[in-house]
Every structure is written in C-alpha cells, then in structure tokens.
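Geometric and topological summary
Below, each chain spelled out in residue letters.
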Amino acid sequence: KFDGILFDYWISVIPDSTEAIKFSLASYNIGKGHVFDAQRLATKFELDPHVWDNNVADMIVKLSKGNYHRDPEVRHGYCRGIEAYNYVARITSLYRNYSNFETDTE
C-alpha cells in the first residue's frame, strides 16, 4: 500500500491510484507547486492534467525551457523537470520489475 500526505492529496484529486502514485512521486521529487504548474500547462496545451505519461510528464520536462517556465500559467518558475520525469520512470519501472517476481511460499 502506498500512502502518505502527498498520496492522500493526489488520490483525492486523481482517483486512479496508479496515476496518483506517479503524481505523488513527482511531487516528492520536485515539489507539488511545479507539478501544479505542469498540470496548468497540460491544460493549456490540451493535454490531460490528470494523466502523468505523455501529458503532465511532458510538461514537467518543459519547465526547464524559458518559453515554458516564463508562461503566465506557471507560478513556481524554472525547475529541472527531467529529474522528476526520470525519478517517476525509474521508480515505476522498478515496481513493475519487482511485481513480476513470483514468490515461493512453500
């Protein structure tokens, strides 16, 4: 079970638990404010602000580029979004790999 203050927030906003976990991980890594900025940019560019992959994740990476982190929708400015992007990808990949192991209970 994944829980905590960040997850409690995100699961209340994004009911899909897999998505809520990705947003929680990103918030832990880079801060909730930058994730909010990426969500606002996703909405502006007609992407789904409640889906991480190919939506908010793409926008978080763009927050390191001037024309994006200076956008009026962005309140928290520049961030190295690639770090949060890679962090979420790495943790979710590890989880998928670990969950594929069979446990022998005999």
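The rules behind each value
- Residues numbered from 1 in each chain as written.
- Predicted model: local features only at pLDDT ≥ 70, side-chain atom pairs only at ≥ 80, totals over all residues.
- Heavy atoms only, no water.
- Helix = DSSP H or I, 4+ residues; strand = E, 2+ residues; numbered from the N terminus.
- Contact = heavy atoms within 4.5 Å.
- Areas by Shrake-Rupley, 256 points an atom, 1.4 Å probe, with all protein chains shown as cover.
- Lys, Arg positive; Asp, Glu negative; His and termini not counted.
- Charge placed at Lys NZ, Arg CZ, Asp CG, Glu CD.
- Expected span 1.5 Å × (residues − 1).
- Polar contact = N/O pair within 3.5 Å; in protein donor to acceptor, adjacent residues only side chain to side chain.
- Buried < 20%, exposed > 50% of the residue type's maximum accessible area, 1.4 Å probe, protein only.
- Arc of directions from axis to C-beta.

**Topic: the overall build of the chain**
Helix and strand counts for the chain come out as six helices and zero strands. Reading the secondary structure of the chain in the N-to-C direction produces α-α-α-α-α-α. The principal-axis extents of the C-alpha atoms in the chain amount to approximately 60 × 25 × 25 Å. Sequence separation of 24 or more characterises 52% of the internal contacts of the chain that already satisfy a separation of 6 or more. As presented, the chain carries roughly 6800 Å² of accessible surface, and 50% of it is formed by carbon and sulfur atoms. If you average the places of the 12 positive and of the 15 negative side-chain charges in the chain, the two averages end up 11 Å apart.

**With respect to helix α2 (residues 17-30)**
For α2, with 14 residues, the first-to-last C-alpha span of 20 Å sits near the 20 Å given by 1.5 Å per residue. On its buried face, α2 sits against α1 (5-13), α3 (32-44), α4 (52-62) and α6 (81-99). By the N-cap criterion, in which a side-chain oxygen at the helix start approaches the backbone nitrogen of a residue two or three places on, α2 is capped by D16, the distance to T18 being 2.9 Å. Among the residues trailing α2, G31 stands out with phi positive, at a value near 105°.

**Details of α6**
Compared with an ideal rise of 1.5 Å per residue, which puts 19 residues at 27 Å, α6 spans 27 Å between its outermost C-alpha atoms and is within 8% of the ideal. Within the span of α6, buried status applies to G81, A84, Y87, V88 and T92. Across the axial projection of α6, the buried residues extend over an arc of 125°, all falling on one side. Those residues of α6 that are buried are in contact with α2 and α4.

Remember that the coordinates give geometry; whether it matters functionally is a separate question.
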